[in-house]
Amino acid sequence: MTTVGVLADHQIRDMIASGGIASNTPITDGQIQPASLDLRLGDTAYRVRASFLAGRQRTVTERLTDFQMHIIDLNGGAVLEKGCVYVVPLMERLRLPKGMTAAASAKSSIGRLDLLTRIITDQGVEFDRVPEGYDGPLFVEICPRSFSVVAQPGQMLNQIIFRQGKTLMSDDDLRALHAQTPIVSGEPVISDGLGFSVDLRPNAGSLVGYRAKPHTGVVDLAKLNHYEVADFWEPVHTDDGWIILDPGAFYILVSREAIIIPPMQAAEMAPYLAMVGEFRVHYAGFFDPGFGYAEAGGSGSRGVLEVRCHEAPFVLEHGQVVGRLVYEHMAALPAALYGREIKSNYQGQGLKLSKHFKS
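It should be emphasised that the depicted structure is a prediction, and the values quoted were computed from it without experimental measurement.

A. Main features of the state of the cysteines. Throughout the structure, instances matching the rule amount to zero disulfides. A disulfide-free cysteine, Cys-84 has its sulfur positioned 7.7 Å from the sulfur of Cys-143, the nearest such atom.

Quick look at the structure:
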């Protein structure tokens with residue numbers, strides 16, 4: 001494969017057919033997104049003392065012997081407790097060819113639950129990054145931050161994209177793309193990607209977000225549209241266009257701008273520089289081709305922001321830039337677009353919690 005860019009769905013299928021992506025349990029069509037592959041939990045979770053990377057000379061399994069506390073069978077569902085760290089082998093393994101790397105991220109619903117989930121690899125020195133030529137298994141580190149969860153084998157908490165060569169778009173490329181096919185509502189703020197800001201002046205009412213309650217029940221990841229919002233979240237209201245973030249608290253907010261990912265682009269949410277304030281948009285995430293794209297039913301789609309405040313209370317103002325989207329070239333046009341040919345929970349979204357809560 002010589003075309004530079006992020007692999008499209010049909011190219012991911014080709015990798016599965018050739019053995020570049022493999023599993024003892026057959027990979028299903030439902031795992032394949034326009035520019036990413038959903039990864040499935042295996043049967044076993046290892047409770048560990050601390051988060052870790054394997055390091056250049058060791059495997060994850062070898063490191064588990066250093067840090068493992070006990071083993072949990074996920075069959076039938078098992079509770080992963082808030083504040084604890086777990087490592088779960090995934091069903092998929094990779095054999096990447098020369099020139100290809102991979103990058104992983106939590107899926108949208110998982111980030112909105114404040115589940116810290118990161119892919120680790122043998123001989124790995126970075127979270128969520130798979131180096132060129134990697135041949136081996138994949139593992140996911142799971143640390144529930146706000147809610148304990150029930151997990152079971154086959155559930156898909158993370159997604160992975162495959163990059164052939166240098167895929168990032170320059171700022172000049174982004175400006176040219178916006179002139180041809182707008183990628184954001186309003187005037188774009190382009191500097192090392194597309195900047196986006198927080199919406200604290202909604203068109204109607206005063207609800208601007210949600211804050212996770214500190215003491216709640218367990219969220220079963222298999223139960224969708226099931227839980228009452230009020231049992232897990234406090235609404236955040238303002239009539240003033242600003243809110244004060246509390247240290248350690250987790251918030252769901254929404255971008256002021258509508259975001260568009262055209263069919264031949266993909267994007268990744270990157271945290272904004274820490275120097276802008278005592279907070280961060282906590283989880284990076286991928287945006288598939290077609291997100292927010294009018295022809296795929298996505299007109300007006302906002303970016304949902306998963307925000308955690310750090311050491312000091314911080315005033316967040318309406319329109320404050322809080323993050324950026326880094327756009328990438330696709331290697332080919334996907335056979336399916338987000339929100340059109342595939343079922344997509346968040347196409348056309350505004351302020352929205354994960355799909356586990358009643359809407």
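B. Inspection of unusual backbone geometry at higher detail. The phi angle at Gln-123 is positive, at roughly 55°, despite the residue not being glycine. With phi around 50°, Asn-225 is a residue other than glycine that occupies positive phi space. Examined against the element boundaries, Asn-225 turns out to sit in the loop between strand S17 (219-220) and strand S18 (233-237).

C. Just the side chain of Gln-31, in detail. Secondary-structure assignment places Gln-31 in the loop between strand S2 (21-23) and strand S3 (37-40). Among the polar contacts made by the side chain of Gln-31, one reaches the main-chain amide nitrogen of Thr-28 at a distance of 3.0 Å. Of the polar contacts made by the side chain of Gln-31, one reaches the side chain of Arg-40; its length is 3.2 Å.

D. Focus on the environment of Asp-14. Along the chain, the position of Asp-14 falls in helix H1 (residues 9-18). Look at Asp-14 and you get partly exposed, because its relative accessible area is 49%. Through-space distance from the C-alpha of Asp-14 to that of Pro-202 is 45 Å; in sequence the pair is 188 residues apart.

E. Expanded view of the packing of aromatic side chains. With the rule as written, the count across this model stands at nine aromatic pairs. For the pair Phe-232 and Phe-357, a centre-to-centre distance of 5.4 Å together with 65° between the ring planes defines the contact as edge-to-face. Separated by 125 residues along the polypeptide, Phe-232 in the loop between S17 and S18 and Phe-357 in the segment after strand S26 (321-329) bring together distant segments of the chain. With a relative accessible area of 4%, Phe-232 lands in the buried category. On the basis of relative accessible area, Phe-357 is assigned to the buried category, the value being 4%. Between Trp-233 and Phe-250 the ring centres are 6.3 Å apart and the planes differ by 45°, which places this aromatic pair in the tilted class. A residue pair is termed long-range when its members are at least 10 positions apart, and Trp-233 in strand S18 and Phe-250 in strand S20 (residues 250-258) qualify at 17 residues. Assigned by exposure class, Trp-233 and Phe-250 land together as buried. Chaining the aromatic ring pairs together yields one cluster made of Phe-147, Tyr-227, Phe-232, Trp-233, Phe-250 and Phe-357. It is Arg-118 that lies over the ring of Phe-127; its NZ or CZ is 3.6 Å from the centre.

Definitions and cut-offs
- Residues numbered from 1 in each chain as written.
- Predicted model: local features only at pLDDT ≥ 70, side-chain atom pairs only at ≥ 80, totals over all residues.
- Heavy atoms only, no water.
- Disulfide = S-S within 2.5 Å.
- Helix = DSSP H or I, 4+ residues; strand = E, 2+ residues; numbered from the N terminus.
- Polar contact = N/O pair within 3.5 Å; in protein donor to acceptor, adjacent residues only side chain to side chain.
- Buried < 20%, exposed > 50% of the residue type's maximum accessible area, 1.4 Å probe, protein only.
- Phe/Tyr/Trp six-rings, centres within 6.5 Å; stacked < 30°, edge-to-face > 60°.
- Lys NZ or Arg CZ within 6 Å of the ring centre and 35° of its normal.

Take it as geometry only, folks, not as evidence of what the structure does.
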